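Here is what each chain is made of, one letter per residue.
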Amino acid sequence: MKILAAIGALAVVFAVVAAVFFCGGFYSVAGTAEEPAIVKWALNQVRTASIVRHAHDQPPPGFDDPAKVQAGAREFDEHGCVNCHGAPGVKWAKFSEGLHPDPPDLKDVVPEVTPSQLFWVIKNGINMTGMPGFGAAGATDEDIWAIVAFLKKLPSVSEADYKAWTAPLPAPAAKP
Ligand code: HEC
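One structure accompanies this document, and this report is about it. Position labels on residues start from 1 in each chain and follow its written sequence. Per-residue local features are limited, in this predicted model, to residues with pLDDT of at least 70; the limit for side-chain atom pairs, both in listing and counting, is 80 or more; totals at the level of whole chains, interfaces and linings are taken over all residues. Hydrogens and waters are ignored; side-chain quantities use all the structure's heavy atoms.

## Overview of helix α7 (residues 141-153)
In an α-helix there are 3.6 residues to a turn, and that puts residues three or four apart on one side.
Argument step 1. Strands are runs of DSSP state E lasting at least two residues, helices are runs of H or I lasting at least four, and both sets are numbered from the N terminus onward. The length a helix should cover is 1.5 Å for every residue beyond the first. With 13 residues, α7 should cover 18 Å at 1.5 Å per step; its first-to-last C-alpha distance of 19 Å lies within 8% of that length.
Argument step 2. Whether two residues touch is decided by their heavy atoms; if any such pair falls within 4.5 Å, the residues are in contact. Tucked into the core, α7 has its buried residues touching α3 (66-78), α5 (106-109), α6 (115-124) and α8 (159-165).

Below, the structure written as structure tokens:
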């Protein structure tokens, strides 16, 4: 009985300390605050497991045709991904260095990730990080599958390819 009472008392003390710490503003939400290694590890595990469990959509047939890969490069550029992640021959915007966690260099990441998982992340974003959900930001599923096709090829896309694929389209010919 005494042991149970002691455990109960400890739980109450713990709850009070936690309430004061978090509600009293002692926890820092600064983007520059480094979390302990164990928290970082746990967040990574939770993120990966969540993406693996939620990613169900299968790529439509022919989603990675060369024309789609090129269209995906344009979508990647136009939806602003390049500002945070960079692209072949294009450096990310300076502000992205202030994001915590850091936006990864996607060419290092994509070999490990399936098309379904890429689609899910791009469509839904990653909560409480800088990664936006592009479904809510106006990208159609077709746009997102094109981006996935481009990303899966990213490690072999040259700077010249990326430049050519994202070059401004010629203006429509003037009507006679
Ligand atoms: C405002 C900055 C920002 C923009 C814009 C942005 N991202 Fe991200 N992205 C991030 C951050 C930050 C992460 C890392 C999240 C994390 O560590 O959990 C991320 C993660 C990702 C990942 C997951 C990588 C992994 O480790 O599995 C993919 C894929 C991705 N972004 C693709 C894109 C694409 C495609 C676009 C454009 C449609 C885009 N991002 C636009 C900031 C951004």
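## Re the packing of α3 against α7
Argument step 1. Between N-to-C directions, angles span 0 to 180 degrees; the directions come from axes that are lines fitted to C-alpha atoms, helices contributing only their stretch in contact. Between α3 and α7, the shortest axis-to-axis distance is 7 Å and the interhelical angle comes to 105 degrees. By the angle class used here, α3 and α7 are roughly perpendicular. The segment α3 lies against α7, with K68, V69, A71, G72, A73, E75 and F76 engaging E142, D143, A146, I147, A149, F150, L151 and K153.
Argument step 2. For the contact of α3 with α7, a count of residues per class yields 9 nonpolar, 1 polar and 5 charged. Put simply, angles under 35 degrees are roughly parallel, angles over 145 are roughly antiparallel, angles from 65 to 115 are roughly perpendicular, and the rest are oblique. Just so you know the grouping, Ala, Val, Leu, Ile, Met, Phe, Trp, Tyr, Cys and Pro go in nonpolar, Asp, Glu, Lys and Arg go in charged, and all remaining residues, Gly too, go in polar.

## Overview of the packing of helix α2 (residues 37-54) against α6
Argument step 1. Taken N-terminus to C-terminus, the directions of α2 and α6 make an angle of 105 degrees; their axes are 9 Å apart at the nearest point. In this view, α2 runs roughly perpendicular relative to α6, as classed from their interaxial angle. Between α2 and α6, the contacting residues are S50, I51, V52 and H54 on the first element and Q117, W120 and V121 on the second.
Argument step 2. The class makeup of the residues in the contact of α2 with α6 is 4 nonpolar, 3 polar and no charged.

## Some words on the coordination of the iron atom of the ligand
Argument step 1. Taken together, H85 (NE2) and M131 (SD) make up the protein donors of the iron atom of the ligand, found 2.0 to 2.2 Å from the metal.
Argument step 2. Only N, O and S atoms count as donors, using a 2.8 Å cut-off from the metal and 3.2 Å for Na, K and Ca, and because water is excluded some sites may appear unfinished. The rule is simple: four donors are tetrahedral if all their angles sit between 85 and 135 degrees, four are square planar and six octahedral if opposite donors span more than 155 degrees and the others lie between 65 and 115, and anything that fits none of that is irregular. Each of the 6 donor atoms around the iron atom of the ligand contributes to a set of angles spanning 87 to 179 degrees, which defines the coordination as octahedral. Of the two residues, H85 sits in helix α4 (residues 81-85) while M131 sits in the loop between α6 and α7, which places them 46 residues apart along the sequence.
Argument step 3. The class for H85 is buried, based on a relative accessible area of 13%. Buried means the residue's accessible area, taken with a 1.4 Å probe over protein chains only, is under 20% of the maximum for its type, while exposed means over 50%, and partly exposed covers the values in between.

## Some thoughts on the site of the ligand
Argument step 1. Every one of the 21 residues lining the ligand counts as a neighbour, but R47, C81, C84, H85 and M131 are closest to it.
Argument step 2. Contacts described as polar in this section are N or O atom pairs within 3.5 Å, which, within protein, must combine one atom able to donate a hydrogen with one able to accept it, while residues neighboring in sequence count only if both atoms come from side chains. Side-chain polar atom of R47 to an oxygen atom of the ligand: 2.9 Å apart, as the coordinates give it.
Argument step 3. At a separation of 2.8 Å, a nitrogen atom of the ligand approaches a polar side-chain atom of H85. Whether a residue is near a molecule or strand is decided by its heavy atoms; if any one of them lies within 4 Å of it, the residue is near.

## Notes on the side chain of R74
Argument step 1. As for its placement among the helices and strands, R74 is situated in helix α3.
Argument step 2. Other than its neighbours up to four places away in sequence, R74 contacts W165, T166, A167 and L169.

## Description of unusual backbone geometry
The general pattern is negative phi for most residues beyond glycine and trans for most peptide bonds.
Argument step 1. Cis peptide bonds are those with omega within 30 degrees of zero, and the linkage from H100 to P101 qualifies with 5 degrees.
Argument step 2. Looking at where P101 falls in the secondary structure, it is placed in the loop between α4 and α5.
Argument step 3. Although it is not a glycine, M128 sits at a positive phi angle of roughly 60 degrees.
Argument step 4. Positionally, M128 belongs in the loop between α6 and α7.

## Considerations on a nonpolar patch on the surface
Argument step 1. On the surface, a cluster of nonpolar side chains totalling about 860 Å² of accessible area is made up of V12, V16, V20, F21, F22, F26, Y27 and V29.
Argument step 2. Tracing the sequence through the fold places F26 in the loop between α1 (2-23) and α2.
Argument step 3. For F26, a relative accessible area of 57% translates into the label exposed. Patch construction takes residues with relative accessible area above 30% that form no salt bridge. Like charges are linked within 9 Å, and nonpolar side chains (Val, Leu, Ile, Met, Phe, Trp, Tyr) are linked within 5 Å. Each accessible area is a Shrake-Rupley estimate made with a 1.4 Å probe; only the visible protein chains count as cover when residues are assessed. Criterion for a salt bridge: a side-chain nitrogen of Lys or Arg within 4 Å of a carboxyl oxygen of Asp or Glu.

Worth remembering: the numbers are spatial, not functional.
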